[in-house]
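Chain and residue survey
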Amino acid sequence: MPEDSIEHIDFENLNKRAISQPLVKNIYTADPSAHFFDGKIYIYPSHDVDAGEAFDDLGSHFAMEDYHVISMDAIDSEAVDNGVALHVNDVPWADKQMWAPDANEKDGKYYLFFPAKGYDGIFKIGVAVGKSPVGPFIAQPEPIKGSFSIDPAVFKDDDGSYYMYFGGIWGGQLQRWRDGKFNAASPESPVAHLPADNEPALCPKVAKMTDDLLEFAHEAKDVLILDENGHQLLNGDNERRFFEAAWMHKYNGKYYFSYSTGDTHFICYAIGDNPYGPFTYAGRILEPVVGWTSHHSICEVSGKWYLFYHDSSLSEGVTHLRSVKVAEITYDAEGKINTLVPYK
């Protein structure tokens, strides 16, 4: 993934213009999944480290190995790092790359959902269970049956059903599962097995969860993202098509599926009438931040809505050393989200 030059950026000035500042500075954090549990905000990010891995389009330099949970009493209060909640060494099936997680709560238990590469080099999604929203979490001995790729996001609907959305192309390996099994050919290429530009884009996936939140209730289904004419977005439409970072929230009875466009660095969203979709593209939530990746979540806190996101401003542009931030989002009269520009 070609890196844009950052030599021209005055980071002191950029940070003054930023609409928000890093929530924690003692560690690097990214990919924030935020939830409001029992009157407090809990953020489940990935924990960025500099492991000395080579930069490549497979994301080898994103070598994260554990998770910390960040908590806040209120949106404007201090963010607290609660320490290690789960380490890769405590996950029997996982070898490396503990990428973007999510969490949810049911019946007083807390569930951490996370992707990792197994010892075969293939990403799967695991579950770990704890008694506290900050952990520690105990991992299940095996990944979720039928899971693959990255970026799990688990949404609780109003009827008490839970749905997992997941997937990511390039290093996230989604394109390697097009035929229902892992295609190991061309292992060094992040773009092998992608559709042609004039073919429909690869879809993120959704599966309803079983009652214990430990498995899929059915085989994962495609999440269709349509254009304004009802046609599926094409692979060449890389300013709108899905790349990674699935998230779901509900506003005024509508389902808002949001995601990152990856190599074009936008956070976009699409709106539908049920959790399975289809979803019609509706616009951008966030313009590009400093750093190659963009990843987010959306959470309601005390009647207001907030975008949790990250950038690389604290590390002065190091793509794999990111920091979690938060900014309020608003909706217009038609329910469209007003686009945020990260630096004024």
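Now for a look at the structure at hand. (Residues numbered from 1 in each chain as written. Predicted model: local features only at pLDDT ≥ 70, side-chain atom pairs only at ≥ 80, totals over all residues. Heavy atoms only, no water.)

1. Observations concerning the sheet that holds strand β20 (residues 304-311)
One open sheet accounts for three strands, arranged β19-β20-β21; its pairing is antiparallel. Two strands close off the open sheet at either side, each with one partner strand: β19 (297-301) and β21 (323-329). Pairs of neighbouring strands in the sheet enclose a mean axial angle of 30 degrees, with direction left out of account. Pairing geometry for β20 and β21, over seven bridges, is antiparallel. Bridging across to β21, Leu-307 finds its partner in Ala-327. (Pairing = 2+ DSSP bridges. Helix = DSSP H or I, 4+ residues; strand = E, 2+ residues; numbered from the N terminus. Axes fitted to C-alpha atoms, helices over the stretch in contact; angles between N-to-C directions.)

2. A few points about empty space enclosed by the protein
Unoccupied space between atoms shows up once a probe the size of one water molecule is rolled over them. The tally for this structure, following the rule as stated, stands at three cavities of 30 Å³ or more. Looking at the largest cavity, its volume works out to about 250 Å³. Along the wall of the largest cavity there are 23 residues; nearest its centre are Phe-62, Trp-99, Ile-150, Glu-244 and Thr-293. In terms of residue class, the lining of the largest cavity is made up of 11 nonpolar, seven polar and five charged. Size it by volume and the second largest cavity reaches roughly 50 Å³. Around the second largest cavity, the lining residues are Ala-201, Leu-202, Cys-203, Pro-204, Val-223, Ile-225, Gln-232, Leu-233, Arg-241 and Phe-242. (1 Å grid on protein atoms, 1.4 Å probe; cavity = no way out; pocket = protein on both sides within 12 Å on 5 of 7 lines; lining within 4 Å. Points joined across faces, edges and corners; volume = space filled by probe spheres on them. Nonpolar A, V, L, I, M, F, W, Y, C, P; charged D, E, K, R; others polar.)

3. Digging into the packing of aromatic side chains
On inspection of all chains with the given rule, the structure shows 27 aromatic pairs. Here the aromatic rings of Phe-148 and Trp-177 are separated by 4.9 Å at their centres, their planes lie at 25 degrees, and the arrangement is stacked. Residue Phe-148 is located in the loop between β9 (138-139) and β10 (153-156), and its partner Trp-177 is located in the loop between β11 (162-166) and β12 (205-208); the two are separated by 29 residues in the primary sequence. In this pair, the class of Phe-148 matches that of Trp-177, namely buried. Members of the aromatic cluster, connected to one another through ring pairs, are Phe-148, Phe-166, Trp-177, Phe-182 and Phe-216. The ring of Tyr-276 has Lys-221 lying over it, and the distance from NZ or CZ to the ring centre is 5.9 Å. Of note, Arg-240 hangs over the ring of Tyr-281, and the distance from its end group to the ring centre comes to 5.2 Å. (Phe/Tyr/Trp six-rings, centres within 6.5 Å; stacked < 30°, edge-to-face > 60°. Buried < 20%, exposed > 50% of the residue type's maximum accessible area, 1.4 Å probe, protein only. Lys NZ or Arg CZ within 6 Å of the ring centre and 35° of its normal.)

4. Describing the pairing of strand β1 (residues 28-37)
Here β1 lies mainly inside the structure; eight of its 10 residues are buried. The pairing of β1 with strand β2 (residues 40-48) spans eight bridges and is classified as antiparallel. Each bridged residue has a counterpart across the sheet, and for Ser-33 the counterpart in β2 is Tyr-44. Joining the antiparallel neighbours β1 and β2 is a turn of two residues, in which Asp-38 adopts a positive phi near 50 degrees.

5. Observations concerning the environment of Glu-7
With respect to the helices and strands, Glu-7 occurs in the segment before α1 (11-17). Each C-alpha atom, one on Glu-7 and one on Glu-316, is 10.0 Å from the other, the two residues being 309 residues apart in sequence.

6. Regarding the environment of Val-341
With respect to the helices, strands and loops of the structure, Val-341 is situated in the segment after β21. Exposure remark for Val-341: the relative accessible area of 47% places this residue in the partly exposed category. Each C-alpha atom of the pair Val-341 and Ile-285 lies 8.7 Å from the other, and the pair is 56 residues apart in sequence. Setting aside residues no more than four positions away along its own chain, Val-341 makes contact with Ile-19 and Glu-287. (Contact = heavy atoms within 4.5 Å.)

7. Quick notes on the nonpolar core
Phe-113, Met-164, Tyr-165, Met-209, Phe-257 and Tyr-259 are the most contacted members of the largest nonpolar core, which has 44 residues in total. Looking at this core, the element that brings in the most residues is β11, giving five residues. Excluding residues within four positions of it along the chain, Met-164 makes contact with Phe-113, Ile-125, Ile-144, Pro-152, Ala-153, Val-154, Lys-205, Val-206, Ala-207, Met-209 and Phe-216. In this structure, Ala-153, Ile-285, Tyr-309 and Leu-340 belong to the second largest nonpolar core, which totals 25 residues. (Core = buried A, V, L, I, M, F, W, Y, C linked by side-chain atoms within 4.5 Å.)

8. A few points about the layout of surface pockets
Here the largest pocket is characterised by a volume of approximately 480 Å³. Lining of the largest pocket is provided by 21 residues; of these, His-35, Asn-104, Phe-155, Lys-156 and Met-248 occupy positions nearest its centre. Classifying every residue of the lining of the largest pocket gives 11 nonpolar, three polar and seven charged. A volume near 360 Å³ is recorded for the second largest pocket. In this structure, the second largest pocket is lined by 16 residues; those nearest its centre are Phe-148, Trp-177, Arg-178, Lys-205 and Asp-222. A breakdown of the residues in the lining of the second largest pocket according to their chemical character gives eight nonpolar, three polar and five charged.

Shape is all these values report; function is a separate question.
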